[in-house]
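The lines below spell out each chain.
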Amino acid sequence: MLNVPNLLTLLRLIAIPVFLILLMDFRWAEALGVFVAAGVTDALDGAIARLTHTKTTLGAYLDPAADKLLLMAAFLALGFMQEVPRWLVVIVISRDVILVLGYFLLFVMTQSAMEVRPSVAGKLSTFFQLSTVAVVLLGRVAPAAVPAWAELALCWTTGVVTAVAGLQYMARGLLWLQGHDEPAA
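Residues numbered from 1 in each chain as written. Predicted model: local features only at pLDDT ≥ 70, side-chain atom pairs only at ≥ 80, totals over all residues. Heavy atoms only, no water.

Caption draft 1: Expanded view of the overall build of the protein chain. In terms of regular secondary structure, the protein chain is built from six helices and zero strands. Reading the protein chain from its N terminus to its C terminus gives the helix and strand order α-α-α-α-α-α. The proportion of buried residues among the 185 residues of the protein chain is 39%. Sequence separation of 24 or more characterises 79% of the internal contacts of the protein chain that already satisfy a separation of 6 or more. Of the accessible surface of the protein chain, which amounts to about 10700 Å², a share of 74% is contributed by carbon and sulfur atoms. When the 11 positive and 12 negative side-chain charges of the protein chain are each reduced to one mean point, those points stand 3 Å apart. (Helix = DSSP H or I, 4+ residues; strand = E, 2+ residues; numbered from the N terminus. Buried < 20%, exposed > 50% of the residue type's maximum accessible area, 1.4 Å probe, protein only. Contact = heavy atoms within 4.5 Å. Areas by Shrake-Rupley, 256 points an atom, 1.4 Å probe, with all protein chains shown as cover. Lys, Arg positive; Asp, Glu negative; His and termini not counted. Charge placed at Lys NZ, Arg CZ, Asp CG, Glu CD.)

Written as structure tokens, this is what we have:
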């Protein structure tokens, strides 16, 4: 069902190639504008879905996928452009790839789907990833606004929180699997 929240999520997906083109053309201000607009649609789609009781199954899968695709694209591009440390790109991308593969493997092994709920660490990880991309872009638009030490501190914080969130999700998956390995009575 294509309702307003799902339409906003689709707009966020459409924004990804636009964002990447602007980024690759070093049009920092425009790329920052598109990135912030995508973030606003993310906040709006969730709020509208809750307030109007229009949550859908499509939206439940599409919204986090759009978030992950935007962040993965941003970190990959900024990493290739050497605007963020490569180690941070590896942490961000690896965590998401491991989580998706882990979820798939759990499903294949148990033939049942694990409920995916964001943890506090997961939400913090997303917040810091979004903040890192925005601050890096802002630092390219207005270099005096973002000291190099602050950008580096934010990158380290993002890396640590992302790694902790990834480990927490892996532990959840293993605990869930352990509950499914019990023999039938």
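There is more to say after this.
Caption draft 2: Just the packing of helix α3 (residues 57-80) against helix α4 (residues 86-110), in detail. Contact geometry of α3 with α4 gives a least axis separation of 9 Å together with a crossing angle of 150 degrees. The angle between the axes of α3 and α4 places the two elements in the roughly antiparallel class. The handedness of the crossing between α3 and α4 comes out as left-handed. Across from K68, M72, F75, L76 and G79 in α3, the residues of α4 making contact are L88, V89, V92, I93, R95, D96 and V97. (Axes fitted to C-alpha atoms, helices over the stretch in contact; angles between N-to-C directions. Parallel < 35°, antiparallel > 145°, perpendicular 65-115°, else oblique. Left-handed = near helix turned anticlockwise from the far one by under 90°.)

Caption draft 3: Region of the structure containing the pattern of salt bridges. In the structure shown here, the tally under the stated rule is nine salt bridges. The salt bridge involving R12 is made with D63; its shortest N-O contact spans 2.4 Å. With R12 in helix α1 (residues 4-24) and D63 in helix α3, this pair connects stretches of sequence that are 51 residues apart. In this pair, the class of R12 matches that of D63, namely buried. We note a salt bridge from D96 to R95, for which the minimum N-O separation is 3.1 Å. For D96, a relative accessible area of 6% corresponds to the buried category. One continuous salt-bridge network, built from bridges that share partners, spans R12, D42, D45, D63 and D67. (Salt bridge = Lys/Arg side-chain N within 4 Å of Asp/Glu carboxyl O.)

Caption draft 4: Quick look at α4. The terminal C-alpha atoms of α4, which comprises 25 residues, lie 36 Å apart, in line with the 36 Å expected from a rise of 1.5 Å per residue. The set of residues buried in α4 consists of L88, V89, V92, I93, R95, D96 and L106. Q111 sits one or two residues past α4 and shows a positive phi near 60 degrees. (Expected span 1.5 Å × (residues − 1).)

Caption draft 5: Structural detail: the nonpolar core. Counting residues in each nonpolar core, the largest one holds 28 residues, and the members touching the most others are F19, L23, F35, F75, L78, V133 and L137. Counting residues per element, the ones that place at least two in this core are α1, α2 (28-52), α3, α4 and α5 (120-141). Among the elements that take part in this core, α3 stands out by supplying seven residues, more than any other. Among residues more than four places away in sequence, those in contact with V133 are F19, F35, L71, A74, F75 and L78. (Core = buried A, V, L, I, M, F, W, Y, C linked by side-chain atoms within 4.5 Å.)

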